[in-house]
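Spelled out from the first residue to the last, the chains are:
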Amino acid sequence: IYRRSSKSYYFCYDFNKAKLIPISKGTRKVSLATLSPDGTKVAFVRENNLFYCNVATGEEVQVTSDGKVNHIINGATDWVYEEEFAWTQGFCWSPNSDYIVFMRFDESRVKEVFLTRWGGLYPSLETYKYPKAGEDNSIVTLHSYALETSITEQIPSENFDNEYFPKIQWTASANTVAYSRLNRSQNHLQIVTYDVETKACKVIYDEKSATYVDVPEMFFTKDGKMMVITSEKEGVQSLYPYDLNGTPLGKSLNGNLEIAQIYGFDQERLRFYVQTIENAINRVLYAIDMTNEGIGKLKRLSYSKVGFIGAMFEQRFKYFVKIESSANKLPIYTLCNRQGEAIRIMEDNAEYSKKSKRYNMVDKTFGMMVTDDSVELNYWIMKPASVVTGQKYPLLMFTYGGPGSQKVLNSYDRSQDWLWFQYLVQQGYVVACVDNRGTGGRGAEFRKQTYGKLGIMEVADQCAAARYFKRLGFIDESRVAIWGWSFGGYLSAMCLLKGEGAFKTAISVAPVIDWKRYDNVYTERYMQTPQANPSGYEQGSPIHYVDRLNGNFLLVHGTADDNVLFENSVDLISALQNAGKQFEVAIYPNKNHGISGKMTRMNLYKKMTTFLQNNL
């Protein structure tokens, strides 16, 4: 439906009878079908209401009845939760399958946006609730439903400044559910437990920040005595143990290592399997043994000096597949035991490597540049296979640059962008990418520098990078372009308009143009509300710099973009036209933020290639 939601026909399969059993009556598709822990029931959402069915009898029970499109959602999340908190399932089963805790979204006060669908004799409109920066959110409440009595009760919650509920999950106790709540400014987070039997609520964790608090992951030991959460309160993402009264049980489990990803928690052995950051651009694997102290706690599971090591663990954490690559080395997949010892190589991509050589793929080279105000920035660069001494080459800089993102990574890139970059290099272009201030991999202080002023430091850093590359001796200083998508499209437009000649050309795909037009969860996390930070919103909008356009500009957007609304580009087009500026526009009817389907993506990359050839 949107980025992470869908509807489907769901069935259970009876192996004894070799029979498929539909879990929903009638012909209507449902969402989020989830088996109860005891395997006897399936809960699901249909037409904004929560249901469950008995697998053995096929009996269907309706838990809620007030669901209505664009008004009330039970058991699923609204659009902004799906987009920004990355989850759609607004319910969870208790460990003993006796209770379901679910979320209820009252969207009534949230304003609607419209997507026009073209192609029929008459266009059609689709509407959905999209809360923009500074505007009303859904009213969200939590509820518990007892299957035995069919009684629903609202979980009490104090008014926590228009709170969000980004995480809900059961502890090891059959009666206790835990949830995190976050104030609207996203600088104050609490973790609360609720006992469905005694109705008691208890705050067991409280964290505040001068900027914003990232939503923690929560892990509960099966003995019911301990909770481990993620936090960057000491500067890097770490794991911290607490008892269920909220008392700290020691320092961070990972020492001074910064955690990039958690693959899982082995309850039997009290061991975490994580990916950690090494030298910003590299990643390695570690096991963190909570039963040991000191040197025995951390065990490295990968030993490559440079590169990107990922993993896929099976449910018992007895084996995992190690995925090892670098920017210039195709992934190797190796089956390992839990100690990290290799059992066998499953795929070495040898044939793919041969084909890469046949097509004369060039390598990425990594480096670090220093800006005029002494900020160190990581970059990669791709050059033609044979750079002729004295010859000057046009440069295309690729950017994303948004908060916490990272494009300069020593991992193999399998995206279409990478293949396009290879093509451009073969046509005589140099391609480079720089991670500006505000990006990830370098701790909270580096990432949060852009708080309240998106588009200022990022533009300064990209322009400084352009000047740095021009000094390398093989770049044509009059032929430098920048391009990006989404936040990268926003940053590309800002760089051309504010860059004071650093760039001759820019391509901006699906850009945010006015942060007041983007969703409130994302925008307010980094910018506060427009009411609280009017100057930040004004200075961070390309609209206010259209009179400075002095270069070649291509603006691209899909008309059915539910994420960065097409109205952003409409505003920029109007402002540029009113300023008497000439530019190019590519509109993709009925395409969403990804601009894909049939030959659409090929059309887009050909258009961008032609634009560069004509204007760089």
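Coordinates for the structure precede this section.
Attention in this report is confined to the structure presented alongside it. (Residues numbered from 1 in each chain as written. Predicted model: local features only at pLDDT ≥ 70, side-chain atom pairs only at ≥ 80, totals over all residues. Heavy atoms only, no water.)

**Quick notes on the layout of surface pockets**
To be explicit about the condition: Both cavities and pockets are sets of points on a 1 Å grid over the protein atoms alone; in a cavity a 1.4 Å probe fits but cannot get out, in a pocket the set is open with protein on both sides within 12 Å along at least five of seven lines, and lining residues sit with an atom within 4 Å of a point. Grid points are joined across faces, edges and corners, and a volume is the space filled by probe spheres set on the points. Strands are runs of DSSP state E lasting at least 2 residues, helices are runs of H or I lasting at least 4, and numbering of each runs from the N terminus.
Estimated volume of the second largest pocket: approximately 1000 Å³. Considering the residues around the second largest pocket, the lining is formed by 42 residues, among which I1, Y2, S5, W79 and E82 are closest to the centre. The set of elements that each furnish at least two residues to the lining of the second largest pocket consists of β3 (31–35), β4 (41–46), α1 (79–84), β10 (112–117) and β11 (124–129). For the lining of the second largest pocket, the element with the highest residue contribution is β11, accounting for four residues.

**Some words on the sheet that holds strand β20 (residues 238–243)**
Note the cut-off: Strands qualify as paired when DSSP identifies two bridges or more between them. Axis geometry follows a simple rule: fit a line to the C-alpha atoms, using only the stretch in contact for helices, then measure angles between N-to-C directions, giving values from 0 to 180 degrees.
Read across the open sheet, the three strands follow the order β18-β19-β20; overall the sheet is antiparallel. Looking at strand neighbours, the two that pair on one side only are β18 (218–220) and β20, the edges of this open sheet. Averaged over neighbouring strand pairs, the angle between their axes works out to 25° when direction is ignored. Relative to β20, strand β19 (residues 226–231) runs antiparallel, the two being bridged by six bridges. Looking at β20, one finds that I229 is bridged to Y240.

**Brief notes about the nonpolar core**
Put simply, the test is: Only buried residues count toward a nonpolar core. Its members are Ala, Val, Leu, Ile, Met, Phe, Trp, Tyr and Cys residues joined through side-chain atoms within 4.5 Å. Categorising residues by exposure relies on relative accessible area from a 1.4 Å probe, with only protein chains included: less than 20% of the type maximum marks a residue as buried, more than 50% marks it as exposed, and the intermediate range marks it as partly exposed. In what follows, a contact means two residues having at least one pair of non-hydrogen atoms within 4.5 Å.
Counting 114 residues, the largest nonpolar core has Y81, F469, F503 and F553 as the members making the most contacts within it. No other element matches the eight residues that helix α6 (residues 487–498) contributes to this core. Setting aside residues no more than four positions away along its own chain, F503 makes contact with M397, Q462, C463, A466, V480, A481, I482, C495 and L496. Within the second largest apolar cluster, 35 residues are counted, among which are W420, Y588, M608 and L612.

**Section: the pairing of strand β14 (residues 164–170)**
For β14, a buried count of five out of seven residues is recorded, marking the element as mostly surrounded by other parts of the structure. Examined bridge by bridge, β14 and strand β15 (residues 176–182) share five bridges and lie antiparallel to one another. Bridging across to β15, I168 finds its partner in Y179. Between β14 and β15, which pair antiparallel and follow one another directly, the connecting turn spans five residues.

**Structural notes on the pattern of salt bridges**
Put simply, the rule is: In what follows, salt bridge is the name for a side-chain nitrogen of Lys or Arg lying within 4 Å of a carboxyl oxygen of Asp or Glu.
Applying the stated criterion across every chain, the model contains 26 salt bridges. For D461, the salt bridge is made with R437, and the minimal N-O distance between the two is 2.9 Å. Note that D461 is positioned in helix α5 (residues 457–470) and R437 in the loop between β32 (430–434) and α4 (443–447), a separation of 24 residues in sequence. In this structure, D461 and R437 share a single accessibility class: buried. The partner of D514 in a salt bridge is K516, and the shortest N-O contact between them spans 3.3 Å.

**Describing the sheet that holds β3**
Pairing is antiparallel in the open sheet, where four strands are placed in the order β3-β4-β5-β6. Both edges of this open sheet fall to β3 and β6 (60–62), since each of them pairs with a single strand only. Along the sheet, successive strands turn relative to each other by an average axial angle of 20°, direction set aside. Across three bridges, β3 lies against β4 in antiparallel orientation. Note on β4: the bridge partner recorded for S31 is V45.

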